[in-house]
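Chain and residue survey
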Amino acid sequence: MNEVFGSISSIPYEGPQSKNALAFKYYDAERVIMGKPMKEHLPFAMAWWHTLVATGTDMFGPGTADKSFGAKPGTMEHAKAKVDAGFELMKKLGIRNFCFHDVDLVPEADDIKETNRRLDEITDYMLIKMKETDIQCLWGTANMFSNPRFMNGAGSSNSVDVYCFAAAQIKKALDLTVKMGGKGYVFWGGREGYETLLNTDMKFEQENIANLMHMAVDYGRKIGFKGTFLIEPKPKEPMKHQYDYDAATAIGFVRQYGLDKDFMMNIEANHATLAGHTFQHDLRVSAINGMLGSVDANTGDLLLGWDTDEFPNNVYDTTLCMYEILKAGGLKVGLNFDAKPRRASYTAADLFEAHILGMDSFALGLIKAAQLIEDGRLDGFVKERYAGFESDLGRQIRTGAATLEQLAKRADEMGRPDLPGSGRQEYLEGVVNNILFQG
Ligand code: XUL
Ligand code: CO
């Protein structure tokens, strides 16, 4: 069969000394780190929408990248050409999973019955490719934000009919996810939020979203979906305020509405920074609540205030991300490259080089995170920092056995406490640099 990326061969691992743009410098799939091969620590996934659909269109001009893959956009031939291109790209890069929205796969028809028929046809074709290549579906989702009908949201819409349409899309996307053996199903609340409270009943909208999620869980479990439902928090964009603001907010939401047994978090780096947090912060919040499910691996540009979805390149960030993931015992689902090359990087080689950058940045992050853990200075300091709580009184506080009177009596006896031990932030930052840049 004709290749789509005929001029590009499978990407080899050549090591840090290599100057070959189309080779991995750090991602060595079989290399064992802390008892597991890299490919298991890093279940990378290709994002169907960025890699196979997005052409680089922005508010100021049309796309620059040709994603026709030799077929006419808007046809089923094109949908199939995208499948061929996607599987070839994943195979050549050694990416073992993909993620999709329903409308990434086929052109949407005027009638949902015809759209669903097209989805059945394309996923039959994808299943053949999956078998041939041993590439899996990481997660699926429904796009409930692009079509104008979703201008006021999907679960949060003021229209019962739009709410039903959203339900139908979720139902179908769950069918497809199960059909392809997906490990997760994602809710990113694209327009689930508001522009102004002057026209919004916030409680009503949040209850409707929760009901829709409950229906999704009930249906998913009924058709045999054993995977994880995920919420992908994001504070704003496209709406001024989105309800799943950050991990803490989304975790509160799933607990409030009794969804916490089925849902975990899908943390996207660029969304965390838009919320005013570090990527590491939202990973930690998810991990300590037992909800670190999956990662949308990208990065933003901190000088810009919007979702730039860049391929991960900052090794400081990937190191601290992998530090959280290793300490949490790994990811339940995986690492999806919700990222796109810049508009001026429009060639096929750019598409490969972008994924290589992302995979190498995470591989290096994994290597460095394991070294930070094995080095032990960070853990050792954190342990020492709270050592006062290993006293009898400290233990009573920790177990909830202490009383306010008892603690006040101790304060009376001491008169005033000594200053707590130094936080030694600069020392610890130096340790991280020492591990990152061992000469
Ligand atoms: C948008 C975003 C989405 C979700 C899936 O910011 O991240 O692509 O990952 O709907
Ligand atoms: Co995302």
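What counts and what doesn't
- Residue indices follow the written sequence of each chain, beginning from 1 at its first position.
- Here chains are named by letter from A upward and ligands by number from 1 upward, in the order in which they appear as written.
- The predicted nature of this model means local features are confined to residues of pLDDT at least 70 and side-chain atom pairs, given and counted, to a pLDDT of 80 or more, with totals for whole chains, interfaces and linings taken over all residues.
- Calculated side-chain values reflect all of the structure's heavy atoms, with hydrogen atoms and water omitted.
- Whether a residue is near a molecule or strand is decided by its heavy atoms; if any one of them lies within 4 Å of it, the residue is near.
- Identification of polar contacts relies on pairs of N or O atoms within 3.5 Å, with a donor-acceptor requirement for protein atoms, meaning one able to donate a hydrogen and the other able to accept it, and with residues adjacent in sequence counted only if both atoms are side-chain atoms.
- Calculation of accessible area relied on Shrake-Rupley with a 1.4 Å probe; when residues are assessed, cover is drawn exclusively from the protein chains displayed.
- Residues are grouped as follows: Ala, Val, Leu, Ile, Met, Phe, Trp, Tyr, Cys and Pro are nonpolar; Asp, Glu, Lys and Arg are charged; all remaining types, including Gly, are polar.
- Every angle, taken between N-to-C directions, lies between 0 and 180 degrees, and every axis is a line fitted to C-alpha atoms, over only the stretch in contact when it is a helix.
- Helix numbers and strand numbers start at the N terminus; a helix is a DSSP run of H or I with at least 4 residues, a strand a run of E with at least 2.
- Orientation is classified from the angle alone, with under 35 degrees giving roughly parallel, over 145 giving roughly antiparallel, 65 to 115 giving roughly perpendicular, and any other angle giving oblique.
- Should the near helix be turned anticlockwise from the far one by less than a right angle, the crossing is termed left-handed; should it be turned clockwise, right-handed.
- Contacts: residue pairs with any heavy atoms within 4.5 Å of one another.
- Water is not part of the atom set, so a site may look incomplete; the donors themselves are N, O and S atoms within 2.8 Å of the metal, or 3.2 Å for Na, K and Ca.
- Working rule for geometry: tetrahedral if four donors all subtend angles between 85 and 135 degrees; square planar for four, octahedral for six, if opposite donors exceed 155 degrees and the others stay between 65 and 115; irregular in every other situation.
- Note on exposure labels: buried denotes an accessible area under 20% of the residue type's maximum, exposed denotes more than 50%, and partly exposed covers the range between, all computed with a 1.4 Å probe on protein chains only.
- In this tally Asp and Glu are treated as negative and Lys and Arg as positive; neither His nor the chain ends contributes.
- Here, a salt bridge means any side-chain nitrogen of Lys or Arg that lies within 4 Å of a carboxyl oxygen of Asp or Glu.
- Following DSSP output, two strands are said to pair if at least two bridges run between them.
- Handedness is read with the strands pointing away from the viewer; a crossover is right-handed when the path from the first strand over the helix to the second is clockwise.
- Note that domain bounds follow an automatic or database assignment of domains.
- Buried area: the accessible area, evaluated with a 1.4 Å probe, that two parts lose upon being put together, summed over both parts.

Some thoughts on the site of ligand 1
Surveying the vicinity of ligand 1 reveals the residues Trp49, His101, Phe145, Trp188, Glu232, Lys234, Glu268, His271, Asp296, Asp307 and Asp338. A distance of 2.9 Å is found between an oxygen atom of ligand 1 and a side-chain nitrogen or oxygen belonging to Asp296. Between an oxygen atom of ligand 1 and a side-chain N or O atom of Asp307, the distance comes to 2.9 Å. Out of a free accessible area of 290 Å², ligand 1 has 93% covered by protein chains. Counted by class, the shell around ligand 1 contains three nonpolar, two polar and six charged residues.

Quick notes on the packing of helix H11 (residues 315–327) against helix H12 (residues 348–375)
H12 packs onto H11 with a crossing angle of 60 degrees between their chain directions and a minimal axis gap of 7 Å. As far as their axial angle goes, H12 and H11 are oblique. Seen from above, H11 lies across H12 with right-handed handedness. Contacts between H11 and H12 involve Val315, Thr318, Thr319, Cys321, Met322, Tyr323, Leu326 and Lys327 on the former and, on the latter, Ser361, Phe362, Leu364, Gly365, Leu366, Lys368, Ala369, Ala370, Leu372 and Ile373. Classifying every residue of the contact of H11 with H12 gives twelve nonpolar, four polar and two charged.

Some thoughts on the coordination of the cobalt ion (ligand 2)
Here the cobalt ion (ligand 2) is held by Glu232 (OE), Glu268 (OE), Asp296 (OD) and Asp338 (OD), and the distances to it run 1.9 to 2.1 Å. In this structure, the cobalt ion (ligand 2) is surrounded by six donor atoms whose angles at the metal cover 81 to 173 degrees, and the resulting shape is octahedral. Along the chain, the residues donating to the cobalt ion (ligand 2) are arranged with the sequence spacing E-x35-E-x27-D-x41-D. Of this pair, Glu268 sits in strand S10 (residues 263–268) while Asp296 sits in strand S11 (residues 292–296); the two residues are 28 residues apart in sequence, bridging distant segments of the chain. Given a relative accessible area of 0%, Asp296 falls into the buried group.

Some details on the side chain of Asp309
Tracing the chain through its elements places Asp309 in the loop between S11 and H11. Of the side chains with opposite charge, Lys340 comes closest to the buried, unpaired Asp309, at an N-O distance of 4.6 Å.

Brief notes about the environment of Gly365
With respect to the helices and strands, Gly365 occurs in helix H12. For Gly365 and Cys321, which are 44 residues apart along the polypeptide, the C-alpha to C-alpha distance reads 7.6 Å.

Structural notes on the pairing of S11
Across a regular strand the side chains alternate sides, sitting on one face of the sheet and then on the other. Taken across its five residues, S11 has five buried, putting it largely inside the fold. Taken together, the four bridges between S10 and S11 define a ladder with parallel strand orientation. Bridge pairing in S11 links Ile267 to Val295. Pairing analysis gives two bridges linking S11 to strand S12 (residues 335–337), with the strands arranged parallel. Bridge pairing links Val295 to Leu335 in S12. Once the chain exits S11 it traverses H11 before rejoining the sheet at S12, and the crossover so formed is right-handed.

What to know about the sheet that holds S10
If you walk around this closed barrel you meet the eight strands as S3-S4-S5-S6-S8-S10-S11-S12, and the pairing is parallel. If you compare each strand with its neighbour and ignore which way they point, the axes differ by 30 degrees on average. Where strand S6 (residues 184–187) lies against strand S8 (residues 228–231), four bridges are found, and the strand directions are parallel. Across the sheet, residue Gly184 finds its bridge partner in S8, namely Thr228.

Points about the domain arrangement of the chain
Here the chain is partitioned into domain 1 (35–374) and domain 2 (378–437). Placing the centre of domain 1 and that of domain 2 at their C-alpha centroids yields a distance of 39 Å. Contact with domain 1, which involves eight residues of that partner, is made by eight residues of domain 2. For the domain 1 face of the interface with domain 2, the top three residues by lost area are Tyr316, Lys368 and Leu372, together amounting to 61%. Across the domain 1-domain 2 interface, the total number found is one salt bridge. At the boundary of domain 1 and domain 2, one finds three residue pairs in polar contact (both at pLDDT 80 or more). Every element with two or more residues in the side of domain 1 that touches domain 2 is listed here: H11 and H12.

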